Amino acid sequence: MRRNGVCLFFVCTLGLVLGLSSTGFSAEEFSAEVVNIAGDQRFEGKVYIAAERMRMETPEAVTITRMDQKKIWVLMPQQRMYLEQSFNAASLLATSEKLPGEIERTLMGEELVNGKLAKKYRVVYRHDNRQESVLQWYIPEFAMPVKIAAGDGSWVMEYRNIKVGRQQESLFELPAGYKKFSPDLSSLSGMAEGLQ
């Protein structure tokens, strides 16, 4: 159950940080704490964003997403190894100014988010032949939504302590000395136990 929550945390965070076009991350570089609440589970982490790159750190894992290389690297520090996966941005919910498949965007008013007045929008969009909705909150000084929630209330994701500024290139590179993980049946079961 914990591992499923971590996966949801990653997917929601990646959706939240997809930038102002459907093909990449925000041009604005920043770091932030990120909190995801899904049902009775709460996950916290730290994200670092630069053009077409993202690093997410949680107590369970470090994940580096490279849109420029269409790859995701999941680091395993104890083993000094990494798992590589291909990445397709089209498979995730983009939170750009206009969502892919967007049907309607309605300003619902203003609310405080971390002590700042934010405009709240309800966005209806079509995804996989279904009509769905999300809520987005924007503050004037930040181009991306600082908070996003599922329309049905099943999860909410929020940025906190946002620090805009250039991020170190090394954050988005594989650490020196790490070897690529090539799974076999025995190593997969050991890795699964370690993630639980």
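Source: prediction; values computed, not measured. (Residues numbered from 1 in each chain as written. Predicted model: local features only at pLDDT ≥ 70, side-chain atom pairs only at ≥ 80, totals over all residues. Heavy atoms only, no water.)

1. Focus: the sheet that holds strand β13 (residues 155–164)
So, step 1. Taken together, the 12 strands give an open sheet; going across it, the order is β9-β10-β11-β12-β13-β3-β4-β5-β6-β7-β8-β14, and neighbouring strands pair in mixed fashion. Of all strands in the sheet, those bounded by a partner on one side alone are β9 (102–113) and β14 (179–180).
So, step 2. Two elements, β9 and strand β10 (residues 116–127), share 10 bridges in a ladder whose sense is antiparallel. The residue bridging Glu-102 from the neighbouring strand is Tyr-125, located in β10. (Pairing = 2+ DSSP bridges. Helix = DSSP H or I, 4+ residues; strand = E, 2+ residues; numbered from the N terminus.)

2. Some thoughts on the pattern of salt bridges
So, step 1. This model, assessed by the stated rule, comprises 14 salt bridges.
So, step 2. Note that Arg-66 is salt-bridged to Glu-173, the shortest N-O span being 3.4 Å. Taken together, the positions of Arg-66 in strand β6 (residues 62–66) and Glu-173 in the loop between β13 and β14 put the pair 107 residues apart, joining distant regions of the chain.
So, step 3. Given the relative accessible area of 6%, Arg-66 is considered buried.
So, step 4. Classification of Glu-173 by relative accessible area gives partly exposed; the value is 37%.
So, step 5. Linking Glu-158 and Arg-160 is a salt bridge whose minimum nitrogen-to-oxygen distance equals 3.5 Å.
So, step 6. The partly exposed category is assigned to Arg-160, whose relative accessible area is 25%.
So, step 7. One salt-bridge network, in which partners are shared between bridges, spans Glu-29, Arg-53, Arg-166 and Glu-169. (Salt bridge = Lys/Arg side-chain N within 4 Å of Asp/Glu carboxyl O. Buried < 20%, exposed > 50% of the residue type's maximum accessible area, 1.4 Å probe, protein only.)

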